[in-house]
Amino acid sequence: MRVNGSLLPQFNGKGVVVLGKVLNVDPNGMSVTLRTSDGKTINLVFNQPLMENLEGIVEVHGTCSGSQVHIESYYMLPIDTIENFDMDAYDQAVQLIHSTENAWIVH
């Protein structure tokens, strides 16, 4: 389920997709600090050290554990797309998805 930082606590123990800007990579490569689409700061935890430079905007897939996400996979947006990416619009879409019980059912 696509979430922002504010929604994470509601999905503890569940699979989530989070998008945000990399703020800091721990020197050991096992964790990253991310600013989510709604401006919250969360910690991403990896099972193995990162083997590449992680920067810019990333989408992560993993399991929520409090204000942390244990990463199963991630996708780094191409650097040339970052300056045109509208993080506010993305966050509004995430909020819209959660504004109804099931946004995909039409009555």
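This is a predicted model, so every value here is computed, not measured.

**Points about the overall build of the protein**
Regarding its fold elements, the protein presents two helices and six strands. Listed by position from the N terminus, the elements making up the protein come as β-β-β-β-β-β-α-α. Expected size for 107 residues packed as a compact globule is a radius of gyration near 13 Å; at 14 Å, the protein falls within 12% of this value. Projected onto the principal axes, the alpha-carbon positions of the protein cover approximately 50 × 35 × 20 Å. Put simply, the protein has 107 residues, and 36% of those count as buried. Roughly 6500 Å² of accessible area belongs to the protein as shown, and the carbon and sulfur atoms make up 50% of that amount. Between the mean site of the 5 positive side-chain charges and the mean site of the 12 negative ones, the protein shows a separation of 7 Å.

**Points about the pattern of salt bridges**
Within the structure shown, the criterion is met by one salt bridge. For Glu-59, the salt bridge goes to Arg-2, with nearest N and O atoms at 2.9 Å. Residue Glu-59 is found in strand β5 (residues 57-65), and its partner Arg-2 is found in strand β1 (residues 2-3); the two are separated by 57 residues along the sequence. Overall, Arg-2 belongs to the partly exposed group, its relative accessible area being 28%.

**Focus on the packing of aromatic side chains**
Applying the stated criterion across every chain yields a total of two aromatic pairs. Centroid distance Phe-46 to Tyr-74: 5.8 Å. Interplanar angle 85°. Geometry classified as edge-to-face. Here the residue Phe-46 occupies a position in the loop between β4 (41-45) and β5, and Tyr-74 occupies one in strand β6 (residues 68-76), the gap between them amounting to 28 residues. Relative accessible area serves as the criterion here: at 28%, Tyr-74 is assigned to the partly exposed category. Judged by centre distance (6.1 Å) and plane angle (45°), the rings of Phe-85 and Tyr-90 are tilted.

Rules used in this analysis
Residues numbered from 1 in each chain as written. Predicted model: local features only at pLDDT ≥ 70, side-chain atom pairs only at ≥ 80, totals over all residues. Heavy atoms only, no water. Helix = DSSP H or I, 4+ residues; strand = E, 2+ residues; numbered from the N terminus. Rg over C-alpha atoms; globule rule 2.2 N^0.38 Å. Buried < 20%, exposed > 50% of the residue type's maximum accessible area, 1.4 Å probe, protein only. Areas by Shrake-Rupley, 256 points an atom, 1.4 Å probe, with all protein chains shown as cover. Lys, Arg positive; Asp, Glu negative; His and termini not counted. Charge placed at Lys NZ, Arg CZ, Asp CG, Glu CD. Salt bridge = Lys/Arg side-chain N within 4 Å of Asp/Glu carboxyl O. Phe/Tyr/Trp six-rings, centres within 6.5 Å; stacked < 30°, edge-to-face > 60°.

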